[in-house]
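Report on the structure
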Protein chains: 2
Amino acid sequence: MNLDALYSELTLETKAKLVLLVMDGLGDLAIGGLNSWTPLEAASTPALDALTKDSAQGRMIPVAPGITPGSGPGHLALFGYDPLEYQVGRGVIEALGLGLELKAGDVAARANFCTLDEKGIVTDRRAGRIETELCEELCFLLSKRVKRLGDCEVIIKPGKGHRFVVVFRGKGLEGPLTDADPHREGLPIPNAKPVNSKSLRAKKTAKLVAEFYKAALPVIAKKKPANGLLLRGIAHQPAIPLFEERYKLRAACIAVYPMYKGLAQLVGMTKLEGAQTIAEQFERYLAEHANYDFFFIHYKYTDMHGEDGNFDAKRGAIEELDGALPILLQKKPDVLAITADHSTPCIIKGHSWHPQPVLLHSAYSGSDKLERFTETGANLGSLGLFEAKYLLRLMQANARMFDKFGA
Amino acid sequence: MNLDALYSELTLETKAKLVLLVMDGLGDLAIGGLNSWTPLEAASTPALDALTKDSAQGRMIPVAPGITPGSGPGHLALFGYDPLEYQVGRGVIEALGLGLELKAGDVAARANFCTLDEKGIVTDRRAGRIETELCEELCFLLSKRVKRLGDCEVIIKPGKGHRFVVVFRGKGLEGPLTDADPHREGLPIPNAKPVNSKSLRAKKTAKLVAEFYKAALPVIAKKKPANGLLLRGIAHQPAIPLFEERYKLRAACIAVYPMYKGLAQLVGMTKLEGAQTIAEQFERYLAEHANYDFFFIHYKYTDMHGEDGNFDAKRGAIEELDGALPILLQKKPDVLAITADHSTPCIIKGHSWHPQPVLLHSAYSGSDKLERFTETGANLGSLGLFEAKYLLRLMQANARMFDKFGA
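Residues numbered from 1 in each chain as written. Chains lettered and ligands numbered in written order. Predicted model: local features only at pLDDT ≥ 70, side-chain atom pairs only at ≥ 80, totals over all residues.

A count of helical and extended segments in chain A gives 14 helices and 14 strands. Relative to the compact-globule value of 22 Å for 407 residues, chain A shows a C-alpha radius of gyration of 23 Å, a close match. Reported as C-alpha extents along the three principal axes, the dimensions of chain A are approximately 70 × 50 × 40 Å. Residues classed as buried in chain A amount to 50% of the 407 residues present. A sequence separation of at least 24 residues applies to 72% of the contacts in chain A between residues at least 6 apart. (Helix = DSSP H or I, 4+ residues; strand = E, 2+ residues; numbered from the N terminus. Rg over C-alpha atoms; globule rule 2.2 N^0.38 Å. Buried ≥ 20, exposed ≤ 12 C-beta atoms within 10 Å, placed from the backbone. Contact = placed C-beta atoms within 7 Å.)

Let's shift gears to the pairing of strand 11 (residues 294–299) of chain A. Residues and elements named next belong to chain A. Burial within strand 11 is extensive, with six of its six residues counted as buried. Side chains Phe-294, Phe-296 and His-298 project from strand 11 onto one buried face, and the interleaved Phe-295, Ile-297 and Tyr-299 project onto a second face that is buried too. Here six bridges tie strand 1 (residues 18–23) to strand 11, and the two strands are oriented parallel to one another. Following the sheet pairing, Leu-18 is matched in strand 11 by Phe-294. (Pairing = 2+ DSSP bridges.)

On to the relation of the copies chain B and chain A. Once chain B is rotated about the relating axis by 126° and shifted along it by 0.1 Å, it coincides with chain A to within an RMSD of 0.2 Å. Expressed as an axis order, the relation between the two copies is that of a three-fold axis. Closest approach to the rotation axis within chain B is made by the C-alpha atom of Leu380(B), at a distance of 3.3 Å. (Least-squares fit on C-alpha atoms with pLDDT ≥ 70 in both.)

Turning our eyes to something else, we now look at the interface of chain B and chain A. With 27 residues of chain B at the interface, the matching set in chain A holds 35 residues. Mapped by element, the contributors of at least two residues to the side of chain B that touches chain A are helix 1 (3–10), strand 14 (384–387) and helix 14 (391–398) of chain B. Tallied by class, residues from the side of chain B that touches chain A come to 13 nonpolar, seven polar and seven charged. (Nonpolar A, V, L, I, M, F, W, Y, C, P; charged D, E, K, R; others polar.)

What follows deals with the domain arrangement of chain A. Residues and elements named next belong to chain A. Per the domain assignment, the segments of chain A are domain 1 (14–87 + 240–398) and domain 2 (92–236). A C-alpha centroid distance of 35 Å is found between domain 1 and domain 2. In this complex, domain 1 contributes six residues to the contact, which on the side of domain 2 involves five residues. Of the residues forming the side of domain 1 that touches domain 2, the biggest block, four residues, is contributed by helix 9 (residues 258–266). Tallied by class, the residues present in the side of domain 1 that touches domain 2 amount to three nonpolar, three polar and no charged. (Domains from an automatic or database assignment.)

Time to look at unusual backbone geometry. Residues and elements named next belong to chain A. Cis geometry marks the peptide bond from Gly-175 to Pro-176, where omega comes out at -10°. Here Pro-176 is to be found in the loop between strand 7 (163–169) and helix 7 (200–220). With a phi close to 55°, Lys-349 is a non-glycine residue in the positive phi region. Of note, the phi angle at Lys-369 is positive, near 55°, even though the residue is not glycine.

So, in structure tokens, the structure goes:
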């Protein structure tokens, strides 16, 4: 039997409030033997400690053993979707990260400005890493000159340095396509081709990309050093079952950074804009408490400092969140999960495969009788080690949203 | 999406050295309440203890909950292959155990000498458990008289007591066949038949086995008490993806006993011969350090003493390995996993289903802050409880061999 179908069949309406608080990249490693600490262990966290006494803990495998996820698969799993089944292309993630509002069926590509010689050979894939201002200028020019191709709309948005995003919006488009990028210097720009050669939609999309090149290249041909462009990760926004239909939960996203808002929007969550600090995010939750059943609150700084390998700053970010946590608890959610989309250990300075710790608090979570929420504490918890895609189901269960299976 | 395909797609080359140290049958049970010990807990293991301080621990399910594996599935899982997908027939395992060098497509059978009455009825399935010397004599005779059948080669090799192995080598052969063994006395020898009745190759193989009987039985017909033979577990060497291609790791096996060399050879590892003691095995690793990326080092005695139910000897075997461990650590592997293929609890005197403990050490394993590597310690570790087939993927992750999945 299909498990998702079973969950759906058993799902009951709820009046409970559920909060998924994601401390991005929270999980870390103790390096240096028996007396070493992770940032979470080293932090002073009185609010988390108080909550922990009546909570369950565990660790979650973000995707599969040993696999390090990007933010896309990391969050899709937290939203209860199998990240191997629902894959979001790099172009789509990049577009979401730049705050573009994608629609179902949009095809998005990551793009670079590059340098071409007179024969069309790529001599610098990043056009000497041009400044963001020049990139914005070139994107503005391209946007003005290449607005439409046939019945399709073209949306161009600048990113940082030489990077930008191109979105194709129209009927009957589909990715993925191979990259229009030789991936090294000394070669011409290859044509983007359908990965699945039988897809008529992908063929149409490949033709569209070729037309885009024909229209766009002359616009920048005389520019220096950025007289060419490369498209990669050309993919369409996948059809993902809507969160509200799948879980019977009206969901809202309270995030600061565009990518996480974008990922929430992918599954149909409402974006609640405006909050800048975690305290403001929690205030926003209080204000919107009556309007939604499920709140996804995203905190970026644990990941950011982990990426920098800055142990003290990561500990500080944890303490800052802990300091604000009493605001959230003014209207204590019926079910509160605090976790990460993946680990970002300071020693790795990047995402990793290490299972992230999770704390689950509800009237029915029970107490694991652990004094603190930490990686080593989580190793001992009643939730054990499980795949992150099941967390949402555990939250639903704690909200008493599942009928009994069988008699 | 197929997970193995994903792992392959994400796999990067590495300069790291990975070592899988298998203490066969290591896992055991504490019997006798709160103050009882397993052999691993009772052993004095200063070298393991020192390593543990900077390691992760967990427990591994060899195949599936409650399933007791033989050495074949136990090791295939450790080599990262799903033991339910890649099954190695008993005839093949027996042949490997006798040191036969099987080729892809070879069909192997376990064989017994037995006693037949004048009507061809099996009166003793083990021919009174004849001595090994007589078995060797009979095998020698059979080998001389039944070398070929049509276009196929027949290889006969004696084992212990009444046991031997028959290998059929030729084109277009395939198992499995049903046993040419009534499994009890008082019945004639049944014909071996294809398990899959549609396989033409299996039909050819069944015909070959019938011809073998026609040729072999007259050779020993006058012998007493061993005037007949039974073939069981008739199977071909399965096609298994090669280790080096699957993991991008040049792999070597440093084992003493033939079966483990044979299992390593099944997946294409290079056998490094000659070492007899665990100290010599570690010395061999030092000598070959530059020539391979992955070393499978097999230690038999923990299993052997577990099979005998000899607690003290099993503890002694653990201590012997611990005493030699500093040799291995002279060139410390970048990733070191120490574990078992299954548990062999002294009280069971045989393999068991109990998850075996595993220790994983690398610069990125983190410290679980456990003082010793033991079964109860492993229960508290960050690796949790997982299927043994994922260990190799975790080793690859610790060697930083996987690119990020998704953006």
